[in-house]
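Structural overview for review
In case you want the letters, here they are:
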Amino acid sequence: MHRDPPPTLFASCNGMTLAYDSFGDPAAPPLVLIMGLGTQMIAWDEAFCGQLAARGFRVIRFDNRDIGQSTHLAAAGLPDIGRLLGQALAGLPIDAASVPYTLADMAQDTVALLDALGIDGAHVVGASMGGAIAQEIALRHPQRVRTLVSIMATSGAPDLPPPRPEALQVLMTPTPTDRAGYVARHQQVMKVLRAGSDTHEEALDAPRAERAYARGLNPAGYARQLAAILASGSRRERLASVRAPTLVIHGDADPLVPIECGRDVARSVPGARMVTIPHMGHALPQSTWAPIVDAIAGHAVQAG
């Protein structure tokens, strides 16, 4: 299933330099993929992107700010994640001005990338934190979103089920910066996030981690992205104003963002549809690609 990546390109976006690449016919309807917390664009596997491109899309993936080969905001400092997480778990609001940036800023990055590429509107697909960013784009820049797909993401409402303890633990454990430590840590994290499913994927974890390591780590960026999530609060009430045709995709075994979180997004967006992927945790193993690609492509075509 391996496919060589296209060349990595760079664009100036919202004061950032974002690394991106694309698949498929440049004249095809654009579909932008937004990845999750501390995760580089290569987590959208080349073969997965190729399958979407084969369905008639120009598929664009990119590194969010503070990850991979996009701008690292070292001068922004390190947020106090313990304090922020404590506030969030207690249901207390977090002042957006107290963190380096929010998901709204990351949504603006994505829109600026569309601007740089001369794209008026795109099918917007996000996973995990990327799903939350996609929701913010649909809320703040509705004219740019042809369709919205929110994968394993939450509305951020504080009354939703929290992560399972083992998933929260891997979320909060510092990332080693040496190569062997990083690879071992990634293997452990993915085993937890897959929640016991797709064990054959374990053979792919080390080479994927090696590739991410080679592109560049930024543990402080992970902390700043997590602070952005925590400070962005609930979107539940605002989601009622989303007008983009919306599809929610969620695994029923997700240990980090329990499926009730996805159901909440689907309930909150008028007319949203939900596709549940059996046995899927908080990951995109190869066994899920066919139903997810079918769902995304079908949603885009149906919505026109």
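Residues numbered from 1 in each chain as written. Predicted model: local features only at pLDDT ≥ 70, side-chain atom pairs only at ≥ 80, totals over all residues. Heavy atoms only, no water.

**Description of unusual backbone geometry**
In this structure, Ser128 takes a positive phi of about 60 degrees despite not being glycine. Non-glycine residue Ala195 carries a positive phi angle of around 55 degrees. Position of Ala195 relative to the elements: it lies in the loop between helix 6 (179–193) and helix 7 (202–215). (Helix = DSSP H or I, 4+ residues; strand = E, 2+ residues; numbered from the N terminus.)

**A few points about the sheet that holds strand 5 (residues 122–127)**
With respect to topology, 8 strands assemble into an open sheet ordered 1-2-4-3-5-6-7-8, the strand pairing being mixed. The strands lining the two open edges of the sheet, one partner per strand, are strand 1 (9–13) and strand 8 (273–277). Across the sheet, the mean angle from the axis of one strand to that of its neighbour is 25 degrees, orientation sign disregarded. Judged from the 4 bridges that link them, strand 3 (residues 30–34) and strand 4 (residues 58–62) form a sheet pairing that is parallel. Of the residues in strand 4, the one forming a bridge with Val32 is Ile60. Across the face of the sheet, helix 3 (residues 103–116) comes into contact with strand 1, strand 2 (16–23), strand 3, strand 4 and strand 5 while running at roughly 115 degrees to strand 1. (Pairing = 2+ DSSP bridges. Axes fitted to C-alpha atoms, helices over the stretch in contact; angles between N-to-C directions. Contact = heavy atoms within 4.5 Å.)

**Focus: the pattern of salt bridges**
Taken as a whole, this structure holds 20 salt bridges when the rule is applied. A salt bridge links Arg224 to Asp66, with the nearest nitrogen and oxygen atoms 2.7 Å apart. On the criterion of sequence distance, the pair formed by Arg224 in helix 8 (residues 219–231) and Asp66 in the loop between strand 4 and helix 2 (81–89) is long-range, its members being 158 residues apart. Its relative accessible area of 0% is what places Asp66 among the buried residues. A salt bridge links Arg208 to Glu201; the shortest N-O distance between them is 3.0 Å. For Arg208, a relative accessible area of 29% gives the class partly exposed. When its relative accessible area of 1% is taken as the criterion, Glu201 is described as buried. (Salt bridge = Lys/Arg side-chain N within 4 Å of Asp/Glu carboxyl O. Buried < 20%, exposed > 50% of the residue type's maximum accessible area, 1.4 Å probe, protein only.)

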